[in-house]
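Here is what each chain is made of, one letter per residue.
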Amino acid sequence: MFDSLSERLGRIFETLTKRGALSEIDVEDALREIRIALLEADVALEVAKDFISAVKEKAIGQNILKSVTPGQMVVKIVHDQLVETLSGGDDFNAGINLTGSPPIAMLIVGLQGSGKTTTTAKLAKRLTERERKKVLLSSLDIYRPAAQQQLAILAEQIQVRCLDFILGEQPIAITKRAIQTAQLEGFDVVLLDTAGRLHIDNTLMQEVADVRDIAKPVETLLVTDAMTGQDALNSAREFNEKIGITGIALTRVDGDARGGAALSMRTVTGQPIKFMGTGEKMDALEDFNAERIAGSILGMGDVIGLVE
């Protein structure tokens, strides 16, 4: 996801670490280059500015220029700042919230075509296999042709129950029926796959707000396509303000070389990135770990990922 950013930063740091002694001007020049690299990678302007000012304050304020390896110290400061930006200073891996008396509801929201239905099925498989939860899937997407059938087919593949759909039933009624079924049949988790909507579509945004009020979800996950760049940030901001998200699942991270939207997402919404979709297969859903991602951006290698 971060190939082009890694390449640019790699070249900047190579120049820095070769020099030995660094002047304040050297560091400022490098930071200017880093800022350009961030912006070209689709990082939001305000996030890039904050990032650079935080790095500059640490790099010039900690007497690093007089240290034995100033270039490497700057690399470390950039790495630490990347971790903080990606994690918001919280735990590196936020994880999924499963607290509450069953059945707990989880709401999956996002733009059209962001990969919500596939992510819903992947999450169901994960909860079933890793967390040993009894999961009920329910599609609230009555607008996209065959959307409900798609979820039913995926549910069959991963051997998870999917709520039968009734022709003409509206999302609010489906939500109530899903929760009632889960209560009667002893399910632990109900995953509600909502229809894709534009964040500027007030009617559909109100509909998902009504669903949220009925379901009272412990998690409202925003599924975002990593390839949509700056648009993803605007929609994330809107969804957070209107619906109140608790986390983000990034899809198609294997397809975009820039990845700056992901870097900005945590800062813009104030909510953690919890998962990354890394392929089409049902088990291609990984925990988002800020430290590992920061390490891979800076070409330090993802040793933990390799071990796993």
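Since this is a predicted model, take the numbers as computed values, not measurements. (Residues numbered from 1 in each chain as written. Predicted model: local features only at pLDDT ≥ 70, side-chain atom pairs only at ≥ 80, totals over all residues. Heavy atoms only, no water.)

A. Structural detail: the side chain of Ser139. Within the fold, Ser139 resides in strand β2 (residues 135-139). When its relative accessible area of 6% is taken as the criterion, Ser139 is described as buried. Among the polar contacts listed, one links the side chain of Ser139 to the backbone nitrogen of Asp141, at a separation of 3.3 Å. The residues touching Ser139, leaving out its near neighbours within four places in the chain, are Ala147, Gln148, Leu151, Ile174 and Asp193. (Helix = DSSP H or I, 4+ residues; strand = E, 2+ residues; numbered from the N terminus. Buried < 20%, exposed > 50% of the residue type's maximum accessible area, 1.4 Å probe, protein only. Polar contact = N/O pair within 3.5 Å; in protein donor to acceptor, adjacent residues only side chain to side chain. Contact = heavy atoms within 4.5 Å.)

B. Local environment of the packing of helix α7 (residues 171-184) against helix α8 (residues 202-215). It is the contact of α7 with α8, at a shortest axis distance of 10 Å, that shows an interaxial angle of 20 degrees. If you check the angle between α7 and α8, you find them roughly parallel. The handedness of the crossing between α7 and α8 comes out as right-handed. Contact residues: α7 offers Pro171, Ile172, Thr175, Lys176 and Ile179, while α8 offers Glu207, Asp210, Val211, Ile214 and Ala215. For the contact of α7 with α8, the per-class residue count stands at six nonpolar, one polar and three charged. (Axes fitted to C-alpha atoms, helices over the stretch in contact; angles between N-to-C directions. Parallel < 35°, antiparallel > 145°, perpendicular 65-115°, else oblique. Left-handed = near helix turned anticlockwise from the far one by under 90°. Nonpolar A, V, L, I, M, F, W, Y, C, P; charged D, E, K, R; others polar.)

C. Region of interest: the sheet that holds strand β7 (residues 273-277). With mixed pairing, eight strands are arranged side by side in an open sheet as β3-β2-β4-β1-β5-β6-β7-β8. For this open sheet the edge positions go to β3 (161-162) and β8 (285-287), each flanked by a neighbour on one side alone. Pairing of strand β6 (residues 247-251) with β7, which is carried by three bridges, proceeds in the parallel orientation. When the sheet's bridge partners are listed, Ile248 is paired in β7 with Ile273. Contacts from helix α6 (residues 147-158) reach β2, β3 and β4 (189-193) within the one sheet, and its direction differs from that of β2 by about 160 degrees. Against the sheet, α7 contacts β2, β3 and β4, and its axis sits at roughly 165 degrees relative to β2. (Pairing = 2+ DSSP bridges.)

D. Spatial organisation of the packing of aromatic side chains. Enumeration according to the criterion identifies zero aromatic pairs in this entry. A cation over an aromatic ring shows up here: Lys134 above the ring of Phe187, its NZ or CZ 4.6 Å from the ring centre. (Phe/Tyr/Trp six-rings, centres within 6.5 Å; stacked < 30°, edge-to-face > 60°. Lys NZ or Arg CZ within 6 Å of the ring centre and 35° of its normal.)

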